[in-house]
Structure formats: structure tokens, C-alpha cells
Amino acid sequence: MDANEILEYCNAKKSVTESFPFDNETLVLKVGGKMFLLMSLERQPLQIAVKTDPEWSTELREQYPQITGAYHMNKTHWNSVEINGLKRELILQLIDHSYELVFKSLTRKIQNTILNS
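These figures come from a predicted structure and were not determined experimentally.

For the structure on display, the rule yields two salt bridges. Note that Lys 13 is salt-bridged to Asp 96, the shortest N-O span being 2.6 Å. Of the two residues, Lys 13 sits in the loop between helix H1 (3–11) and strand S1 (16–19) while Asp 96 sits in helix H3 (residues 88–105), which places them 83 residues apart along the sequence.

Now the structure itself:
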């Protein structure tokens, strides 16, 4: 997968917004104003950061050398994922999981606004 495919997949989800709050190369994708994915547009090989359930994070890090604690993020909840060598299905699963975790953390009011938009 490349950056455009990831971006297209994420933007197909409800109420996703894009911004560059940290610098000009780190794209941040949010739902309900909260981050669910970060992607460095300049870094090669392509790498993303996604939020992951802590128990699953441990399993993923043990199973895949491309998955580590995310730099500058809470490593209990965020993983850095180097895309090369990982199956597309796993990458999409990680993106979906991150989006869902963040969505579930939003207030009911914000969730309902998103679902009804």
C-alpha cells in the first residue's frame, strides 16, 4: 500500500479530517477532533502510527518486526507500523481498529452527530 491508498481508505470513513498540526510532513487524520492515524509523507519506507488496544499491541509487536511503539506517542496505546512487508488486510485492520477505538472514546453526542451526518 502507498500513502494515497491509505489516505483514500481513511477518507472513506465518516467525518475524517486531515491536518498538519506538528510539521509540514506529518499528516494527521482525526475523527471527532481526535487523532486516529498519523502518516509521514516524506519518510521512506512508508510508516503510519495507529492507536491499538494494549493487549493486541503486545501481540503485534511480538509477531511483526515492522510494528513498534510509536515515536513521541504513548507506546501503550500507539503503534508505529512500517508498511513494507505487511499484508494489505492487516494494514486495513489496524486502521479500522484505530478509527473504532477513537470513535468509541467520543461522547455519545459527537458519535450521534457523526453517525447521522
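We now examine the packing of aromatic side chains. Taken as a whole and judged by the stated rule, the model has two aromatic pairs. Ring centres of Phe 36 and Tyr 99 lie 5.3 Å apart, and the angle between their planes is 90°; on these two criteria the pair is classed as edge-to-face. Here Phe 36, found in strand S3 (residues 34–40), pairs with Tyr 99, found in helix H3; they are 63 residues apart in sequence, far enough to count as distant. Ring plane angle 10° and centroid distance 6.3 Å describe the contact between Tyr 99 and Phe 103, whose orientation is recorded as stacked. One end of the pair, Tyr 99, and the other, Phe 103, are both in helix H3, four residues apart, so they sit about a helical turn from each other. For Tyr 99, a relative accessible area of 10% corresponds to the buried category. By the ring-pair criterion, three or more aromatic residues cluster together here, those being Phe 36, Tyr 99 and Phe 103.

Counting residues in each nonpolar core, the largest one holds 27 residues, and the members touching the most others are Ile 6, Phe 36, Leu 37 and Ile 48. Of all the secondary structure elements, the ones that give two or more residues to this core are H1, strand S2 (26–31), S3, strand S4 (47–51) and H3. With seven residues, the single largest contributor to this core is H3.

What follows is about the sheet that holds S2. In a beta sheet, neighbouring strands pair by backbone hydrogen bonds and run either parallel or antiparallel. Across the sheet, six strands lie side by side as S1-S2-S3-S4-S6-S5; this open sheet has antiparallel pairing. The sheet is open, and its two borders are formed by S1 and strand S5 (67–69), each paired with just one other strand. Each adjacent strand pair in this sheet contributes to an overall mean axis angle of 25°, direction not counted. Both S3 and S4 contribute to a ladder of three bridges, which runs antiparallel. Following the sheet pairing, Met 39 is matched in S4 by Ile 48. Seen against the sheet, H3 touches S1, S2, S3, S4, S5 and strand S6 (78–82) and runs at an angle of roughly 150° to S3.

Here we come to the layout of surface pockets. One number sums up the size of the largest pocket: a volume of about 440 Å³. In terms of lining residues, the largest pocket is bounded by 16 residues, among which Thr 26, Leu 38, Ser 40, Tyr 71 and His 72 are the most central. Taken together, the residues of the lining of the largest pocket break down into eight nonpolar, five polar and three charged.

Our next topic: unusual backbone geometry. Each neighbour pair has its own omega, and for Gln 44 with Pro 45 the value is 0°, a cis peptide bond. Structurally, Pro 45 is set in the loop between S3 and S4. At His 72, a residue that is not glycine, the phi angle is positive and equals roughly 65°. Mapping His 72 onto the fold places it in the loop between S5 and S6. Classification of His 72 as exposed rests on a relative accessible area of 67%.

Each value, and the rule that gives it
- Residues numbered from 1 in each chain as written.
- Predicted model: local features only at pLDDT ≥ 70, side-chain atom pairs only at ≥ 80, totals over all residues.
- Heavy atoms only, no water.
- Salt bridge = Lys/Arg side-chain N within 4 Å of Asp/Glu carboxyl O.
- Helix = DSSP H or I, 4+ residues; strand = E, 2+ residues; numbered from the N terminus.
- Phe/Tyr/Trp six-rings, centres within 6.5 Å; stacked < 30°, edge-to-face > 60°.
- Buried < 20%, exposed > 50% of the residue type's maximum accessible area, 1.4 Å probe, protein only.
- Core = buried A, V, L, I, M, F, W, Y, C linked by side-chain atoms within 4.5 Å.
- Pairing = 2+ DSSP bridges.
- Axes fitted to C-alpha atoms, helices over the stretch in contact; angles between N-to-C directions.
- Contact = heavy atoms within 4.5 Å.
- 1 Å grid on protein atoms, 1.4 Å probe; cavity = no way out; pocket = protein on both sides within 12 Å on 5 of 7 lines; lining within 4 Å.
- Points joined across faces, edges and corners; volume = space filled by probe spheres on them.
- Nonpolar A, V, L, I, M, F, W, Y, C, P; charged D, E, K, R; others polar.

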